[in-house]
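# Residue-level structure breakdown
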Amino acid sequence: MASEIFDIAIIGAGPGGLSAASHAAELGVNHVLLESSPKIANTIQKYQKGKHVMAEPGVLPLRSPIRFSAGKREEILSGWEDGLTEHNVNVRYNTEVATIGGQKGDFLIGISGGEQIQAKHIILGIGLQGNPRTLGVPGDNAAFVQYQLDDPDAYKDESIVIVGAGDAAIENAIALARHNSVSIVNRKDEFARAKEGNLNLILGAIDSKSIECLYGTTPARIDPPSDETFAGTFVLDTPSGEAQLPVHRIIGRLGAIAPRGLVESFGIEFPNDDANAIPALTSQYESNVEGMFVIGALGGYPLIKQAMNQGYEVVEYILGNKVKPADHDLLAAKFKTLPFDLDVDEVLALMQQRIPVFNGVNALQFRELILDSEVSLQRKGAVVFARNDYTNSFYTVLQGSVDIEVAADTLINSGQGNFFGEMSLISGRRRSATVYAADDCVVIETPRRTMNKLIASVDAVRKVLDQTFIVRTIQQKFAPDASIEDLLPVAEKTVINQYAPGQVIFSEGEEGDTLHFIRNGSVTVSSNVDGKDLVMSYVPANQAVGEMALLANVKRTATVRATVKTETLSIDKESFDLLLEKSPGLKARMQKIVEERMRQNIVLQTNTDSGELLSFLMGQGLGEATDVLLIDEELCVACDYCESACAATHEGTSRLDRKAGPTFAHIHVPTSCRHCEDPSCMKDCPPDAIQRGGIGGEVFIGDNCIGCGNCEQNCPYGVIQMSYKTSAPDSFWRWLFFGIGDKPGKAVNINAGENTIKQAVKCDMCKDQSGGPACVRACPTGAAMRLSPEEFVDLVRDVR
Amino acid sequence: MHSSFLSHANGRYFWFALGLITVSASAYILHDPKQPPNGGTWLGYTLGSLGLFMIVWLAYLGRRKRNFAKGWGTVRGWVSAHVYFGTALLIVATLHTGFQFDFNIHTLAFVLMCLVIFSGFFGVWAYRVYPPERNQLKKSQSINDLFLQLEEIDSQLTRLSSGSDNEVRGIVNSAIERTVIGGGYLDQLLGRDNSKLVLQGSVVDNTEQQRALDSLLEQMTRIQGLESTRLSEIVRIFGARKRILDTIREDIRMHGLIQVWLLVHIPLTFALFAAMIAHLFAVFVYW
Ligand SMILES: Cc1cc2nc3c(=O)[nH]c(=O)nc-3n(C[C@H](O)[C@H](O)[C@H](O)COP(=O)(O)OP(=O)(O)OC[C@H]3O[C@@H](n4cnc5c(N)ncnc54)[C@H](O)[C@@H]3O)c2cc1C
Ligand code: HEM
Ligand code: SF4
Ligand code: SF4
């Protein structure tokens, strides 16, 4: 057995691996498919039962010997299993790959348990889910220890112990407690990682004794049962000594170990330490280890169809065939209107050669970037984007040039190979300039998420963007009349600093020798009043703090703290003096800002209530909001018309929960989306369905949502719900006179048959309503208001 | 910054309504008809038509409030105008009558209109007074927070009393079981407490938990030793429970008051429409 050498070993039987193995089998290539779990496609097995799996992106054709189209999880899985049998795929389950050694033509694959397998080429398709963290105690391989829960209703009248304190552990515990006796083992003495909703649920259940919680407890070992009716005995280290729990089942929910460490141990390199970094690959999916190929989610492709296509293509590449990638026609269509007579690969090459920021990007990544991007021909004079637009994509000029209007009648011309739009990309704020096509030109617009992915994985891109950002910021904000060359010495000395939420940037009484320009995030300015730290003001991105100390040569008069993750550019005294010299109007402008701030501070200093209210609002994470719904409890008559209005204008499901959320003084923060500056919900959406845009900068979810629930998990404020489609017809007159139909604002389920899925829904700031946000418009008393953090200062000023 | 419906757009509609009142009143004073002033003069017709139009428009608020998607302007603005023009209507309509009242359908319409308007006055008062009071009462907590605390206290009491003797346990458990929150609409508005308690086998009133608290205190004189520490703990927690219940009841009462007047305002609006149709019919067909 050890003597057999496979041509291709495919590791991981996810959609990518299955497709690759089937294609290899179809072509008669000597192969083996190694899967660590007992079944195929572990990631898909873990979807909720009956989930409708989507086949996004819809325009991409499927290229694979096994079937895949949108449908029920179960049907898709059984279709794939049939595909394996049909093509006689050589698959081995329960085979976890632990090590890989050797080189192309002679790889040695080590399986957990000691066995070794030899192969000439390796296709790595192990996805990103990683392996669940095990309990790590003697006996944790028993059959009644599991790390996943498909259907809580499948268990009744059992004694179940759940280990873990995150959302998954809590959700499982609550669901199981309906029919079982459940204990939850928490290493700490609180549930610090849980979302607020889950936290309330679990604490309620512990209070009412429907779940027992063992705080400060860790598993010690698992022993055989002391009596026949149980499956085993769970021995635990509790603060008061060892405890022995007879159990039927143990469920570990301790998170997963990301696969990166394992992948690196195979010799594959990642460009940097960023958690989102993906390994660098050639356009044929080959990694830095020759003969080792990476496909699917691990290679940065988060959807099933992409993974399957790559599985097919990579086998062709290994066999030395030059197939055109499945996305070839898509790219060809994108390039059709361009004034070049070149084929797809030539256009791509031209782009990389003409645009220096993209020089260092590998071919595969660049292809993906262009697939996500819009390439368009702009006629002379056309507006590419306007000042104050809330878009945040990134633009590069492939041909021709654009005029950037940084200030009234200050035009900066930017030509072929240059980029623009990086300011909003980085700060998450509105556009600070208007851009026109200076002549007929070709520009590439790349969405923020794609750009961020690129910045995370290619250091060279990050560097170029940062440098440009610094120079352009200094020019725009401090010295519009100075030339870029004049500013280079200042730019060189400017430093980019990063701060964690709550971290102090500088404190009151310190000697001040730098000015900070906030490039993303936001800060609070506070001062010590009667021994208490009192927040006086909030400063959003794109503004400077600390200028007072430099202008007046005084010590810091206030403490400045990051409200959320924040980045600043710091400019030292010497550079600042240079700027003052280069830009004659700067001093006067800065002084005006200082004056305005001082005035604000005095008002707030005399009123501790307003300072406390401001601190409360920041404590609710509103520092990262761009537009938030607040309710003045002194005006709210609890009619709930705000919710009805939301429901009526959003298919019957209200996206705000008025009653939920905290109140301070008279200001209530209901559970509702705040349209964060850097939205956590957008970070991990496989089909990129969450977008930001429009004049209001609203964050909204498109119809291509696949219902994976990532955004619901990722939003720190619990504002996203997973919901079936409903509708809310307006039948007012019928309802009023004949009692027929529903009260306006009531949801009606629409039966769209089998294929409905729960999709993510949230506030979209009524982007489709001509009159603006319906909640505020429907409030009869004026209690409901929508504000941006800049307006908080005015709000707290009139605390009564 | 944000403003209430009364100060909407710097009280724009207040001034409009005041203007309307001034114009109507001046016209009435300057107008010198050959007959005593009534609805039949040219000014009477004008004021009558204006009043009719205003009533229809005032009632249309019921539609606008629910026209979430296509409604024009903000409801706050509508309510602001509604309140001020509704008040102006009182003057306009009174002048329209020329102060000629009698026991007939015409005066009935007028009286109904006044009732609608006066209920509206109460409404404005309730909208301005109760929300701040409710907020003060709960000290920034939500009603859900209070219910959670109550639940927590109830389970604490059950646990504590499970070790006590039958009598104490009986008082505590039956007081918890028979605590009534809310009740009928009238109970809510009056803050009436129908809570009961089982004492020595019979069900007795336990308004504001007073009877239960008294009985527990009575027990304290009877019980001594270790048991009495437990009992005093029970009494202490029971006192906290009473305070929460009082707060919840008061909150529900005020919430009811904020909305109850609409139960007069809206049906009377319908009645007013019926009476007005009769009034118009009488005027134009039987005159
Ligand atoms: C809840 C949810 C819903 C989703 N819904 C959709 C949808 O509707 N449509 C869509 O297109 N995409 C959806 N996705 C994304 C989709 O699941 C992934 O893009 C896809 O599974 C990636 O495929 P893959 O082959 O790269 O990796 P995976 O599917 O993750 O497969 C990796 C396989 O490798 C195995 N493995 C891991 N480590 C080892 C090892 N050391 N040795 C051997 N085997 C190993 C694993 O057990 C697993 O079976 C969803 C994702 C989630 C989380
Ligand atoms: C004849 C005169 C009036 C008529 C026909 C009338 C009619 C109505 C109607 C139909 C509603 C809608 C109720 C609902 O659907 O919930 C309403 C609401 C209201 N009215 Fe009047 N009204 C009149 C005068 C007044 C006056 C004079 C005032 C106060 C000064 C007033 C204050 C209010 C208030 C505060 C509301 C509640 C608004 C809300 O919560 O949305 N009304 N009225
Ligand atoms: S859904 Fe959550 S994370 Fe996303 S923008 Fe809204 S509040 Fe922020
Ligand atoms: S619409 Fe206004 S008054 Fe009514 S519940 Fe909402 S915030 Fe309160």
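The residue numbers shown here count from 1 along each chain, following its written sequence. Think of it this way: whatever chain is written first is A, whatever ligand is written first is 1, and the rest follow in order. Where local features are concerned, this predicted model is filtered to residues with pLDDT of at least 70; where side-chain atom pairs are given and counted, the filter is 80 or more; whole-chain, interface and lining totals use all residues. Derived side-chain values reflect all non-hydrogen atoms in the structure, with water molecules and hydrogen atoms excluded from consideration.

### Observations regarding the coordination of the iron atom of ligand 2
Residue and element names in this part refer to chain B. To keep it simple, the criterion reads: Any N, O or S atom lying within 2.8 Å of the metal counts as a donor, with the limit raised to 3.2 Å for Na, K and Ca; because water is left out of the atom set, some sites can appear incomplete. Key to geometry: four donors with every angle between 85 and 135 degrees are tetrahedral; four donors are square planar and six octahedral where opposite donors lie over 155 degrees apart and all remaining angles lie between 65 and 115; all other sites are irregular. Runs of H or I in DSSP of at least four residues are treated as helices and runs of E of at least two as strands, each being numbered from the N terminus. For every residue, the accessible area (1.4 Å probe, protein chains only) is compared with the maximum for its type, and the residue is labelled buried under 20%, exposed over 50%, or partly exposed between those bounds.
Note on the iron atom of ligand 2: its protein donors are His-82 (NE2) and His-265 (NE2). The metal-donor distances range over 2.0 Å. Considering all six donor atoms around the iron atom of ligand 2, angles at the metal cover 84 to 178° and the coordination shape is octahedral. Of the two residues, His-82 is situated in helix H4 (residues 75-97) and His-265 in helix H11 (residues 262-286); the sequence distance between them amounts to 183 residues. Under the relative-accessibility criterion, His-82 is labelled buried at 17%. Overall, the relative accessible area of 12% leaves His-265 in the buried class.

### A word on the packing of helix H9 (residues 344-354) of chain A against helix H10 (residues 363-372) of chain A
Residues and elements named next belong to chain A. Under the convention used in this document: Each axis is a line fitted through C-alpha atoms, taken for helices only over the stretch in contact, and angles between the N-to-C directions span 0 to 180 degrees. For classification purposes, an angle smaller than 35 degrees is called roughly parallel, one larger than 145 roughly antiparallel, one from 65 to 115 roughly perpendicular, and anything else oblique. Contacts between residues were defined by any pair of non-hydrogen atoms, one from each residue, lying within 4.5 Å. Amino acids are sorted into nonpolar (Ala, Val, Leu, Ile, Met, Phe, Trp, Tyr, Cys and Pro), charged (Asp, Glu, Lys and Arg) and polar (every other residue, Gly among them).
In the contact formed by H9 and H10, the axes pass within 11 Å of each other and the chain directions differ by 100°. One finds that H9 runs roughly perpendicular with respect to H10. Facing Val-344, Asp-345, Leu-348, Met-351 and Gln-352 of H9, the residues of H10 in contact are Ala-363, Phe-366, Arg-367 and Ile-370. Looking at the contact of H9 with H10 residue by residue, the class counts come to six nonpolar, one polar and two charged.

### A short note on the side chain of Thr-107 of chain B
Residues and elements named next belong to chain B. As for its position among the elements, Thr-107 is in helix H5 (residues 105-138). The buried category is assigned to Thr-107, whose relative accessible area is 12%. Sequence-distant contacts of Thr-107, that is, excluding residues within four places in its chain, are made with Gln-100, Phe-101 and Asp-102.

### Some details on the domain arrangement of chain B
Residues and elements named next belong to chain B. Rules: Segmentation into domains, and thus their bounds, comes from an automatic or database assignment. Two parts placed together each lose some accessible area; with a 1.4 Å probe, that loss summed over both constitutes the buried area. Put simply, a salt bridge is a Lys or Arg side-chain nitrogen that is within 4 Å of an Asp or Glu carboxyl oxygen.
Domains assigned within chain B are domain 1 (8-140 + 257-286) and domain 2 (143-254). Summarising the inter-unit geometry, the C-alpha centres of domain 1 and domain 2 are found 48 Å apart. Residue-level contacts link 10 residues of domain 1 with nine residues of domain 2. Carbon and sulfur atoms supply 65% of the area buried between domain 1 and domain 2, which totals about 910 Å² over both sides. When the buried area of domain 1 at its contact with domain 2 is split by residue, Leu-137, Lys-138 and Leu-257 rank highest and sum to 55% of it. Linking domain 1 with domain 2 are two salt bridges. Between Arg-134 and Asp-251 there is a salt bridge whose closest N-O contact spans 2.9 Å. Among the secondary structure elements, those contributing two or more residues to the side of domain 1 that touches domain 2 are H5 and helix H10 (226-260).

### Regarding the interface of chain B and chain A
Our working rule: The definition of a polar contact used here is a pair of N or O atoms within 3.5 Å, where within protein one atom must be able to donate a hydrogen and the other to accept one, and adjacent residues in sequence count solely through side-chain atom pairs.
Facing 35 residues of chain B, the contacting portion of chain A comprises 42 residues. For the pair chain B and chain A, the summed buried area comes to about 3,100 Å², and 59% of that belongs to carbon and sulfur atoms. Along the contact surface separating chain B from chain A lie zero salt bridges. Counting the contacts that link chain B with chain A gives six residue pairs in polar contact (both at pLDDT 80 or more). Per element, the largest residue contribution to the side of chain B that touches chain A is six residues, and it comes from H5 of chain B. A per-class count over the side of chain B that touches chain A returns 12 nonpolar, 14 polar and nine charged.

### Some thoughts on the sheet that holds strand S13 (residues 211-214) of chain A
Residue and element names in this part refer to chain A. Using the following cut-off: The rule for pairing is simple: two strands pair if DSSP sees at least two bridges between them.
In space, the five strands of this open sheet follow the order S10-S17-S11-S12-S13, with parallel pairing throughout. Every interior strand has two partners, whereas the edge strands, strand S10 (145-146) and S13, have only one. Inspection of the sheet shows strand S11 (residues 159-163) paired to strand S17 (residues 249-252) by four bridges, in the parallel sense. Within the sheet, the bridge partner assigned to Ile-160 lies in S17 and is Arg-249.

### Focus on the packing of helix H7 (residues 166-177) of chain B against helix H9 (residues 210-222) of chain B
Residue and element names in this part refer to chain B. Inclusion rule: By convention, the crossing between two helices is left-handed when the near helix turns anticlockwise from the far helix through less than a right angle, and right-handed when the turn is clockwise.
Where H7 meets H9, the closest approach of the two axes is 10 Å, and the angle between their N-to-C directions is 165°. With respect to H9, the element H7 is oriented roughly antiparallel. Both H7 and H9 take part in a crossing whose hand is left-handed. Together, Glu-167, Val-168, Ile-171, Val-172 and Ala-175 of H7 and Ala-212, Ser-215, Leu-216, Gln-219 and Arg-222 of H9 make up the contact between the two elements. Among the residues forming the contact of H7 with H9, the class breakdown is six nonpolar, two polar and two charged.

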